[in-house]
Amino acid sequence: MDRSHAVLSARHRLPRRHFLRTARLNAVGFSALGGVCLVAATTGALALRWTGRPPVIGAALGPAVVLTGLVALDRRKWAGTTTGFSFTDDAAATRAVADQLAARGLPVDVEEHPPGSPALRYAHRHARQMQAALEDLGIPAPFT
């Protein structure tokens, strides 16, 4: 069985939310992130100490800036990745829905991988618009 792609089904599942959507950190990754946050806290504390402000503020802001930047970059990468959604085995019906979605201005492609299993392919940045459009068309949309 080819596992080079994943197609979402209409089955409802509760999504698992992580603070990072594309990266999964292991022990080494968390250690590196902790080290970068520690360096940022030290740098922030020293910078504010030299300016005469309380170093505690810099120690708190340094890791916050690192984590905010990491999450922002991760969300940007996630928004550019694509996902597939299959709701029927009929390729003609899937193409008809894709044409209606494209008429609404949503960039969507039809993919048949493996053959006989058509799916709509769209970027995560358009997930909310796709979900609303699919619900307008009477198709149960996946959780996003």
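Let me begin by describing the structure that accompanies this report. (Residues numbered from 1 in each chain as written. Predicted model: local features only at pLDDT ≥ 70, side-chain atom pairs only at ≥ 80, totals over all residues. Heavy atoms only, no water.)

**A look at the pairing of strand S3 (residues 109-112)**
Reasoning step 1: Two elements, S3 and strand S4 (residues 118-123), share four bridges in a ladder whose sense is antiparallel. Residue pairing across strands places Asp-109 opposite Arg-121, the latter belonging to S4.
Reasoning step 2: The antiparallel hairpin formed by S3 and S4 contains five residues in its connecting segment, where Gly-116 sits at a positive phi of about 90 degrees. (Pairing = 2+ DSSP bridges. Helix = DSSP H or I, 4+ residues; strand = E, 2+ residues; numbered from the N terminus.)

**What about helix H3 (residues 91-103)?**
Reasoning step 1: Look at H3: 18 Å from first C-alpha to last across 13 residues, which is about the 18 Å you get at 1.5 Å a residue.
Reasoning step 2: Those residues of H3 that fall on the buried side of the exposure criterion are Ala-91, Thr-94, Val-97, Ala-98 and Leu-101. Along the axis of H3, the buried positions cluster into a sector of 125 degrees, meaning they face one direction only. In this structure, H3 carries Ala-92, Asp-99 and Ala-103 as exposed residues pointing more than 90 degrees from its buried face. (Expected span 1.5 Å × (residues − 1). Buried < 20%, exposed > 50% of the residue type's maximum accessible area, 1.4 Å probe, protein only. Arc of directions from axis to C-beta.)

**What to know about the pattern of salt bridges**
Reasoning step 1: This model, assessed by the stated rule, comprises three salt bridges.
Reasoning step 2: Notably, a salt bridge pairs Glu-112 with Arg-95, separated by 2.8 Å at the nearest N-O pair. Taken as a pair, Glu-112 in strand S3 and Arg-95 in helix H3 lie far apart in primary sequence, 17 residues in all.
Reasoning step 3: Glu-112 gets classed as partly exposed once you look at its relative accessible area, which sits at 32%.
Reasoning step 4: Here Arg-95 falls in the partly exposed class, since its relative accessible area comes to 41%.
Reasoning step 5: Between Glu-111 and Arg-121 there is a salt bridge, and its shortest N-O distance comes to 3.4 Å. Taken together, the positions of Glu-111 in strand S3 and Arg-121 in strand S4 put the pair 10 residues apart, joining distant regions of the chain. (Salt bridge = Lys/Arg side-chain N within 4 Å of Asp/Glu carboxyl O.)

Shape is all these values report; function is a separate question.
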